[in-house]
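Take a look at the letters that make up each chain.
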Amino acid sequence: MHADSIAPVSNDTLQPKKVTRKPLNISDSVSFVEKDTSDSSRKIAVDTTLFSKDSLSAPISYTADDSAVLHIPEKQFLLYGKANTTYENMKLDANTIEYEQSRNLVKAYGGTDTSKGPLNLPTFVQGDETSIMDTVFFNMKTQKGLTKNTYYKAGEMFVNAQRVKKVEKDVEYAYRGRFTTCNLDTPHFAIRARKIKIVNDKIAVSGPAFPEFEGVPMPVAIPFGIYPLQRGRHSGLLPPQFTTSDLFGLGLEGLGYYEVINDNWDTKIEGNIYSYGGWQADLTTEYYKRYKYRGTFALSALHTKRLNDDYYTLATDEFYTSNTYQVRWSHSRDSKARPGTSFSASVTAGSTQYNKNVTTNALQNYNNNLASSITYSKTWGLGNNLSVSLNENQNSVTRLINMNLPTVSFSTPTIYPLQKKDQVSSLKWYQKLGIGYSGNFLNVISFYDSAINFRRLLDTTMWGVTHSIPITLTLPAVGPLIFAPSISYQENWYAQKVDYNWNGSTNKVDTSILRGLYAARQMTFGISMNTRIFGTFNFKNSKLRHEIDPSIGISYKPNLVSQFYKNVQVDSAGDIRRISQLQGNVLGGFSEGRFGGITFSLGNLLEAKRNAKDSTNADSVKKIKILDNFSISSGYNLIPDSSNKETPISDISISAGTSLFNKVNITANASISPYREDTAGHYHLLWKQGSLGRFQTGSLSLSTSLKSKSKDNQTDEQKLANSSSSETLTPDEQQAQLDYIRSNPAEFVDFNTAWTLQLSYSLSYSHVLQSDLIHYKDNLATNVNVNGTISLTPKWQLGGGFYFDIITQKLQASSIFLTRDMHCWQMTMNINVGTYKSFSITLNPKSGILRDLRINKRFLQQ
C-alpha cells in the first residue's frame, strides 16, 4: 500500500510526518498519535509506504482529526474523527474508517454527538453520485459493497433504502426503498417500492410501487416502474392525458412513442382519440448534424367528429365531420457545410380548414393564412448568384391557394468596362461607370382547394420574366454634395393580357384572356443629388442631435407602354376609364404616361445624449433615440402627356419609425394621393379644397414588452443561452424557441420575475378599385393583442392574454392561467376561449425524469 498525505498545513495543525520502515522489532500494534493539549481541533496526517502483492493500483490520500492507527500484523489501518480518504474517483468521509489491506475492504461508521444525535455519517462520492448512510462496507478492488439506511442521489433522483447492495461498478439493488425528485430531507412526495434495481446513468426498475404525498400513502399502485436516469435522448412511451368534452366525448390526448433512431435523427408519434369517433395522429421527425444541417418534419392528420350545437333546434346532422391534414417542414443548412451554396425550407401547408378544427390552440383557430418557402441559392465567380425558390400561400377564408413553382432569380456583379485589368493608380471618375444585370422568372398556379382539376390548374397558370439592366456612375463629391447619374432599362415578358369590353346587353364589362408572349419596356434617365445635414442643440446636462438626409433628383421616363392601355366604358352612363391590359399578371404592368420632372425625399433622425450629473466618464453618457426615421418623398412631372396631364404631382409617401426609451416600438407608413377622381374619370387637386389628400394605403403598429427586474438578474436571452438545450441551436432557432416561450407562458413560468406585460396594436387601411372598375372599396383592420403575468405571491402566478378585433368588436381569442409553485411539483389551471372553449388543470413534477407523471383534467366545448 502506498499513501500520500494531502492534509492541509496551517499554524494550528501539526505538520505531516514521513514514517519509514526500519529493521527493528515491531509490537503487535503500532500507534501514531500526535497530541497537542493547546488545540482541541488538531488534525493528524500520516503517510505510510508499504509494498506487497495486495497493493492497490493507485495511492490513497487520507486525513483524520483525531488519530490514525496502524495494526501491522492484521494489516489494518484505522482513522478516527472526521476521517477522509480519497482513492481514484472515490471519496469517503466518516467519523471512523477502517481499512483491511488483505481483503481490500473498507468499513465506515458514523458517530454520535453529546445529545446522541448522528455525527459525521459516512458520505461516499463516486463521480457524480453521492450517498449518505449509517454504515458502509466496500471492497476497493471489486467495487462491491453493502450500505445501511442509505440516502443515494442518481442524476435528478433521490433514493432512500434500508439496505443497498452494490454488485457491480454501476449496478445497485435497493431493499425497501423510497425514491423521489424532491431534494428535501422530508420530501413532499415519493414512490415506495420493496425492491429496486438501479443502473447508474441509465435506468431504475422497481416492482409494485405506491405513491405517497407528505408521507401519506395513496390508495393506488403501479404494477412496476421504469425510471430513466440516462441523460440526453432515449426512446420510450409518451403517456396520455385524459380529457372530457360535450363536443368530442371522452378522450385521451398525447398518447405516443418517442424513438431515438441514431445520434442525428429521432422521431415521435402522438395521437388523440375521442369516444365520438374523432382522432388525430401526429408524426414529428427531427434531425441535426453539427456544422451540416438541422430540420424538423411534421405530418398531422385530423379526423374531426363533433356534436353539432344546433342539432336539437335545427334540421342538421347530429355530428359535424371533416378530414384535414397539415405538413410542416423546416430545414436550415450550416453555411460552413458547402460555402457558396445555401438551402433552406419553411413549409406549412395542408387543408385550409385544419387550423379551424384544432382544439388545443385558440390563437391557431384564427390564423387564416399559411405560407411556405423552399429556397436554394448558389454564388460563384466574382459574385454571380442564382436562386431558385418554391413558394406557396393559402387562405382558409377564401380557400384560395397560390403556388409559385418556381421563382428563379439570377444576377451578375456590376461590371466596370472602362477600368483597366491591372489598375494600379486611383480610378478616374469615368472609370467608375458600372453596368449590372438581374433577371427573374415567375410561374404562378392558383386554385381553390374545393375544386382541384388538372385542366383548371393549367388554365390558371401564369408566368412572367423580367430583365433589368442598371447603369450607374459615381461622381466625385462636390463639397458636401454627392451626385449620381443613372440609366435603367427594364423589360417584362407576359404570358397573357386581358381585353376589356363593355357589354350593352348585360350592362357590365366583359373580360377575355388573350394568351401569348407580350413584352413591355421601360427606360428611365436621371441624376440625383444627396447630402447630410447635422444640427446640435446643447442644454444644461443633455444634447439634442438632429440629422437631415435630403435627396433631389431629376429624371425622365418616356411613355413606352401606351399600346397596353385601353379606354373602357364602365357603366351605362358612358363613363370611361383608362385600364391597363397587363394588370392581374404576376409581374404587374408599368405605369402609363411620360414623366420628366423632379423627385425629392427628406429623411430625419433625432436623438438625445444625457450626461450624468456626478460623472464625466464616457460610460455616463446615455443615448436616447427619439426618432429613428421620418421620411417623406414625392415628385412633380414637368412634361406630362395626355394620359397623366391631370396628375402632375406624384403620390406622397410617408414613413416613420422609433423606439421610445428602447421600450416602445412604433412604425407607421402611408401613401397619400393629392387628387380626387370623380365618376367621369377626371382628377381634382384636393389642396385647392383645403385637404391634404386622400389616403391610398396606410399602416400603424405599436408594440412594447415590459417586465420587472428579475431576481437572478438574467434576461430571457441569457437564460436560454445558459440552458443545455441551446448549445447546438443557431441564433434564429434560439429566437424561435424564445418566441414560443413567450407565446406559451403557461408552459414556462418564471417566478423570479414579479410581472411581465406585452402590448401590441396594429392598424391597416387600403383604398382599392373593385373588379367592376367603377367603385372603390375601403379595407380597414385594427386589433389589440395583450399578454402578461403577475406573481401574486412568491409561489402563485397569474397570467393570460387576449386578441381583440376593434372593427368587429369581438374578442377573437383569450386565455388565462394560474400557476402554483409547489417546490418539486407545479400546478397549472388554464382557460382558453376561442373557436373552442376549454378548461384544464394539470399537476405534474418539475423534474425532467418524471415530467410525464401528471394529473390532468381538461374540459372542452364550442
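1. A word on the pattern of salt bridges
- Across all of its chains, the model carries 14 salt bridges by this definition.
- The shortest N-O distance in the salt bridge between Glu-270 and Lys-268 comes to 3.8 Å.
- Given a relative accessible area of 30%, Lys-268 falls into the partly exposed group.
- Put simply, Glu-607 and Arg-545 hold a salt bridge, and the shortest N to O gap is 3.5 Å. Placement of the pair is Glu-607 in strand β41 (residues 595–611) and Arg-545 in strand β38 (residues 542–557), with a sequence separation of 62 residues.
- Residues participating in the shared-partner salt-bridge network are Arg-532, Arg-545, Glu-547, Asp-549 and Glu-607.

2. Overview of the pairing of strand β39 (residues 565–569)
- Pairing between β39 and strand β40 (residues 576–580): five bridges, direction antiparallel. Residue pairing in the sheet places Tyr-565 in a bridge with Ser-580 of β40.
- Turn length for the β39-β40 hairpin, with the two strands adjacent in sequence and antiparallel, is six residues, and the turn residue Gly-574 shows positive phi of about 90°.

3. Some thoughts on the side chain of Ser-659
- With respect to the helices and strands, the residue Ser-659 is situated in strand β43 (residues 652–660).
- Not counting the four nearest positions on each side in its chain, Ser-659 is found in contact with Lys-625, Asp-628, Val-664 and Asn-665.

4. Some details on unusual backbone geometry
- The residue after Leu-405, namely Pro-406, is reached through a cis peptide bond having omega -10°.
- The topology assignment puts Pro-406 in strand β32 (residues 400–415).

5. Comments concerning the packing of aromatic side chains
- By the definition in use, this model includes 13 aromatic pairs.
- Between Trp-265 and Tyr-287, the aromatic rings sit 4.8 Å apart at their centres with planes inclined by 25°, giving stacked as the arrangement. With Trp-265 in strand β25 (residues 265–274) and Tyr-287 in strand β26 (residues 279–289), the pair connects residues that are 22 residues apart, well separated along the chain.
- Here Arg-294 stacks its cationic end above the ring of Tyr-288, 4.0 Å away from the centre of that ring.
- A cation sits over an aromatic face here: Lys-305 above Phe-319, 5.1 Å from the ring centre.

Conventions adopted
Residues numbered from 1 in each chain as written. Predicted model: local features only at pLDDT ≥ 70, side-chain atom pairs only at ≥ 80, totals over all residues. Heavy atoms only, no water. Salt bridge = Lys/Arg side-chain N within 4 Å of Asp/Glu carboxyl O. Buried < 20%, exposed > 50% of the residue type's maximum accessible area, 1.4 Å probe, protein only. Helix = DSSP H or I, 4+ residues; strand = E, 2+ residues; numbered from the N terminus. Pairing = 2+ DSSP bridges. Contact = heavy atoms within 4.5 Å. Phe/Tyr/Trp six-rings, centres within 6.5 Å; stacked < 30°, edge-to-face > 60°. Lys NZ or Arg CZ within 6 Å of the ring centre and 35° of its normal.

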